[in-house]
Amino acid sequence: MKPRMLTPARFARALAAYGTLAAAVVLLAPLFGAEPLSFRAILDAVLGRGGSVDAEIFLLQRLPRVFLAFLVGGSLAVSGAALQVVLKNSLAEPFILGIAGGGAVGAVTAISVPALMISIGPFTSVHLFTLAGCLACMAAIYRLASGDYGVSMNTILLAGVTFNVLCGAMIMLLRYLVSPHLLVAMDRWMMGGLDVVGYRELAGLLPFALPGLFLLFRHSGALNQLAFGEELAAGHGVDVAVVHKQVFLGTGLATAAAVTMAGPIGFVGLVVPHAVRRISGQDQRLVLPASFLLGGGFLTLCDLCARTVVAPTEMPVGIITAMIGGPVFLRILFKSRN
Amino acid sequence: MNAANASPVLFQVRDVDFAYPRALFRLAGASFSLYAGQVLGVIGPNGSGKSTLLKIAAGLVPPGSGSVTALGRDIFAMPRRERARILGYLPQQAGVHLDFLAREAVAMGRYPHTRGAGFLGAKDLEVVERSMEATDCLNLADRLFSSLSGGERQRVLLASVLAQEPRVLLLDEPTSAMDIHQQVRFFRLVRKLCTQGLAAAVVTHDLNLASRFSDRLLLMKDGRVMEDGPPESLITESILASAYGSGIRVLDGPDGRGPLVIPDPGPGEGEGA
Ligand SMILES: Nc1ncnc2c1ncn2[C@@H]1O[C@H](COP(=O)(O)OP(=O)(O)OP(=O)(O)O)[C@@H](O)[C@H]1O
Ligand SMILES: [Mg+2]
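Residues numbered from 1 in each chain as written. Chains lettered and ligands numbered in written order. Predicted model: local features only at pLDDT ≥ 70, side-chain atom pairs only at ≥ 80, totals over all residues. Heavy atoms only, no water.

### Concerning the overall build of chain B
Thinking step 1. Helix and strand content of chain B: nine helices and 12 strands.
Thinking step 2. A compact globule built from 273 residues would reach a C-alpha radius of gyration of about 19 Å, and chain B, at 19 Å, matches this within 12%.
Thinking step 3. Seen through its principal axes, chain B has C-alpha atoms that stretch 60 × 45 × 40 Å.
Thinking step 4. Put simply, chain B has 273 residues, and 50% of those count as buried.
Thinking step 5. Of the accessible surface of chain B, which amounts to about 12,000 Å², a share of 51% is contributed by carbon and sulfur atoms. (Helix = DSSP H or I, 4+ residues; strand = E, 2+ residues; numbered from the N terminus. Rg over C-alpha atoms; globule rule 2.2 N^0.38 Å. Buried < 20%, exposed > 50% of the residue type's maximum accessible area, 1.4 Å probe, protein only. Areas by Shrake-Rupley, 256 points an atom, 1.4 Å probe, with all protein chains shown as cover.)

Okay, structure coming up:
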């Protein structure tokens, strides 16, 4: 495609296209699943003409799950897109921040020590410990990276990688110590999944995901300016320190929310932004919202596969994102070589 | 500062001290003023603090002490976008991290003039085209920035600074990669902009360009302003030797427009003095 400048008309057209795609996925995905549902019955229930089991499955199980998949996929993709810009690294993805590592330690701890079983509202101890782990990691990295001139993106990258290794070691230690029957639960968490979700979990996630996404979208124009380095961006009137800080906080919050509800789902945050850039160009004002829509749609579809391919059981969605995402990414790489 | 200056002061750096964390280099008591209609050439050896001084002047880093004012106002108390509508800063080095078109790169200079999503209006686009015309890069507009040569990139980024429509230009080695025609073109452009009421500080290692096109020169050495004055009084063998070291000869220009600096190849086979 010939590159062109982003105009309001092109912006609107592109977002409308991504939006239509996303809406179609969100509307169609809940109709499919292990149980075949009657579209009539659902429609009747929605229109207030009496409930049915079909409608209940649709409204109380599949729909919230689809929303969650969409929100998680969208959050990961936007986080990846923004991180790739501020870290100047096209391989950056949300888990590079080490936040997911902290979340994993939290989850594994909660699983290892059944005595910790507590729950607040709809959230189990695994949720709570994952969130705590993510936020603790994020705070630690933020402190390490704060220096004389705001946060250093380089330090964030190094600290993130190191934290991931450290967290990996802690997880190994816990795995070594716990009784073997708990390992299955840990492995299952690591693979990522979107099962067991209701509207309350979804609502509990929003206070983290929404401010995070807001911070990222707010700076999409400033992210463009970073294309030619921080100094020129600053000369053009961007407060680079604020952008760095808020993008880190934004990706941190959005990723923490996603990991808490769905475990570490890989590849969405890496592949989706690259796909969007190939389709729609480099302007981050379009890349960020388009990544949200495409990432949401992509994970919803992957989750649909997870629910249906091996029905009546389920596959961890993380396996599917990697199996689809890996080849897609390779293809993008291969095509941009030629 | 020197002589009676009829033109108004647009920009002032006063008694600026600065040190990088954990580094030996110190900027000490640096001051300069920029007057409407005048070009200040900033020269000095590598590592003398020219870029550091310009970064502080542009508000990228706050000084340890001292003040920087533009149009009489403290630049560190100004909102960033407002500051960028007054100061146009071109860093010595720029990265290429996202693959934008040259025209998009220039359009980025409109950032301080836009709100919200930052889409450009007709007037903005006109300024973008005019800026590209001024730096002779209209023919590059639809090329990817990453595919441009070093000098072409400098012209595009310079256009992006001009697109800010600043009153004061702070340019750090804007011509270091340009051919001689483009260098002359650039300095003529800066002079022309200054006759329209702008003020400019231009860092360069080309002493001839600096002395021929500047109204005044600022000579930096070891983090201090060593000299500040008209080119004729500053471009002498003794001053340049004490600033840079040996190997510089100064001749009277044959066209009567100031001295010429030429490299001294030294005494043939033997080692240079
Ligand atoms: N970020 C930094 N941290 C520590 N020291 C620095 C930093 N940037 C520059 N310096 C040091 O400060 C001194 C002045 O650097 P500056 O870039 O201002 O020099 P300059 O006059 O622009 O040189 P040049 O002509 O090579 O561009 C140098 O000794 C340099 O090593
Ligand atoms: Mg320099």
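Next comes the rest of the account.
### Focus: the confidence of the model for chain B
Thinking step 1. In the predicted model, chain B carries a mean pLDDT of 92, and the fraction of residues at 70 or more is 96%.
Thinking step 2. In the predicted assembly, ipTM is 0.92 and pTM is 0.90. (pLDDT = per-residue confidence, 0-100.)

### So, the interface of chain B and chain A
Note: interface size is frequently given as the accessible area lost on complex formation between the parts.
Thinking step 1. With 41 residues of chain B in contact, the opposing surface of chain A contributes 32 residues.
Thinking step 2. Summed over both sides, the interface of chain B with chain A buries roughly 2,900 Å², with 68% coming from carbon and sulfur.
Thinking step 3. Counting the surface chain B buries against chain A, the share from its top three residues, Leu98(B), Tyr111(B) and Phe119(B), is 24%.
Thinking step 4. The interface formed by chain B and chain A holds two salt bridges in total.
Thinking step 5. For Asp239(A), the salt bridge goes to Arg80(B), with nearest N and O atoms at 3.3 Å.
Thinking step 6. Here chain B is connected to chain A by nine residue pairs in polar contact (both at pLDDT 80 or more).
Thinking step 7. If you list the elements that add at least two residues to the side of chain B that touches chain A, you get helix H2 (80-86), strand S6 (87-90), helix H3 (102-107) and helix H5 (150-162) of chain B.
Thinking step 8. Looking at the side of chain B that touches chain A element by element, the count peaks at four residues for H3(B).
Thinking step 9. Taken together, the residues of the side of chain B that touches chain A break down into 27 nonpolar, seven polar and seven charged. (Contact = heavy atoms within 4.5 Å. Buried area = accessible area lost by both parts, 1.4 Å probe. Salt bridge = Lys/Arg side-chain N within 4 Å of Asp/Glu carboxyl O. Polar contact = N/O pair within 3.5 Å; in protein donor to acceptor, adjacent residues only side chain to side chain. Nonpolar A, V, L, I, M, F, W, Y, C, P; charged D, E, K, R; others polar.)

### Topic: helix H11 (residues 240-262) of chain A
All names here are of chain A.
Thinking step 1. With 23 residues, H11 should reach 33 Å at 1.5 Å per residue; the first-to-last C-alpha distance of 32 Å fits that figure.
Thinking step 2. Burial runs high along H11: 19 of the 23 residues are buried.
Thinking step 3. Among the residues trailing H11, Gly263 stands out with phi positive, at a value near 75°. (Expected span 1.5 Å × (residues − 1).)

### Considerations on the nonpolar core
Thinking step 1. Formed by 139 residues in total, the largest nonpolar core has its most connected members in Val72(A), Leu223(A), Phe228(A), Val156(B) and Leu171(B).
Thinking step 2. Sorting elements by how many residues they give to this core places helix H3 (residues 53-86) of chain A first, with 14 residues.
Thinking step 3. In terms of nonpolar packing, the next biggest core, distinct from the first, is built from 32 residues, Leu27(B), Ala30(B), Ile86(B) and Val203(B) among them. (Core = buried A, V, L, I, M, F, W, Y, C linked by side-chain atoms within 4.5 Å.)

### Observations concerning the packing of helix H2 (residues 39-46) of chain A against H3(A)
Residues and elements named next belong to chain A.
Thinking step 1. Running from N to C, H2 and H3 point in directions that differ by 75°, and their axes come no closer than 8 Å. When the axes of H2 and H3 are compared, the pair comes out roughly perpendicular. Residues Ala41, Ile42, Ala45 and Val46 of H2 lie in contact with H3, whose contacting residues are Asp54, Ala55, Phe58 and Leu59.
Thinking step 2. Here the contact of H2 with H3 is composed, by residue class, of seven nonpolar, no polar and one charged. (Axes fitted to C-alpha atoms, helices over the stretch in contact; angles between N-to-C directions. Parallel < 35°, antiparallel > 145°, perpendicular 65-115°, else oblique.)

### Side note on the side chain of Ser291(A)
Residues and elements named next belong to chain A.
Thinking step 1. On the secondary structure map, Ser291 appears in helix H13 (residues 284-308).
Thinking step 2. For Ser291, a relative accessible area of 0% puts it in the buried group.
Thinking step 3. With near-sequence residues (within four places) excluded, Ser291 lies in contact with Ala77, Val78, Ala81, Val272, Pro273, Val276 and Gly296.

### Comments concerning the sheet that holds strand S5 (residues 73-74) of chain B
Residues and elements named next belong to chain B.
Thinking step 1. One open sheet holds the four strands; their spatial order is S2-S1-S4-S5, and the pairing between them is antiparallel. Of all strands in the sheet, those bounded by a partner on one side alone are strand S2 (26-35) and S5.
Thinking step 2. Two elements, strand S1 (residues 9-19) and strand S4 (residues 65-70), share five bridges in a ladder whose sense is antiparallel. Across the sheet, Asp17 pairs through a bridge with Ser65, a residue of S4. (Pairing = 2+ DSSP bridges.)

### As for the packing of aromatic side chains
All names here are of chain A.
Thinking step 1. Tallied over the full model, the rule gives 10 aromatic pairs over all chains.
Thinking step 2. Both rings, one in Tyr142 and one in Phe248, keep their centres 5.9 Å apart while their planes meet at 25°; by these two values the pair is stacked. Separated by 106 residues along the polypeptide, Tyr142 in helix H5 (residues 125-145) and Phe248 in helix H11 bring together distant segments of the chain.
Thinking step 3. Phe248 gets classed as buried once you look at its relative accessible area, which sits at 1%. (Phe/Tyr/Trp six-rings, centres within 6.5 Å; stacked < 30°, edge-to-face > 60°.)

### Regarding the pairing of S2(B)
Thinking step 1. For S2(B), the tally of buried residues reaches eight of 10 residues, placing the bulk of the element in the interior.
Thinking step 2. The hairpin turn running from S1(B) into S2(B), its antiparallel successor, is six residues long, and Arg22(B) in that turn takes a positive phi close to 55°.

### Thoughts on the sheet that holds strand S3 (residues 39-43) of chain B
Residues and elements named next belong to chain B.
Thinking step 1. Within the open sheet, the six strands sit side by side as S6-S7-S8-S3-S9-S10. Their pairing is mixed. Each edge of the open sheet carries a strand with a single partner, namely S6 and strand S10 (224-229). When strand polarity is set aside, the average angle formed by the axes of neighbouring strands in this sheet is 15°.
Thinking step 2. Of the pairings in the sheet, the one linking strand S7 (residues 168-172) to strand S8 (residues 199-203) comprises five bridges and is parallel in character. Bridged to Val168 within S8 is Ala199.
Thinking step 3. Contacts from helix H1 (residues 50-57) reach S3, S6, S7, S8 and strand S9 (216-221) within the one sheet, and its direction differs from that of S7 by about 150°.

### Points about the coordination of the magnesium ion (ligand 2)
The textbook angles at a metal center are 109.5 degrees for a tetrahedron of four donors and 90 or 180 degrees for an octahedron of six.
Thinking step 1. Around the magnesium ion (ligand 2), the donor atoms from the protein are Ser51(B) (OG) and Gln92(B) (OE1), and they sit 1.9 to 2.1 Å away. Here Ser51(B) is found in helix H1, whereas its partner Gln92(B) is found in the loop between S6 and H3, with 41 residues between them in sequence. (Donors = N, O, S within 2.8 Å, 3.2 Å for Na, K, Ca; no water.)

### Regarding the site of ligand 1
All names here are of chain B.
Thinking step 1. Around ligand 1, the structure places 14 residues, and the nearest of them are Gly47, Lys50, Ser51, Thr52 and His205.
Thinking step 2. At 3.4 Å, a side-chain N or O of Tyr20 approaches a nitrogen atom of ligand 1.
Thinking step 3. One nitrogen or oxygen atom from the side chain of Asn46 is found 2.9 Å from an oxygen atom belonging to ligand 1.
Thinking step 4. Taking 640 Å² as the accessible area of ligand 1 by itself, protein coverage stands at 64%.
Thinking step 5. A breakdown of the residues in the shell around ligand 1 according to their chemical character gives four nonpolar, eight polar and two charged. (Near = heavy atom within 4 Å.)

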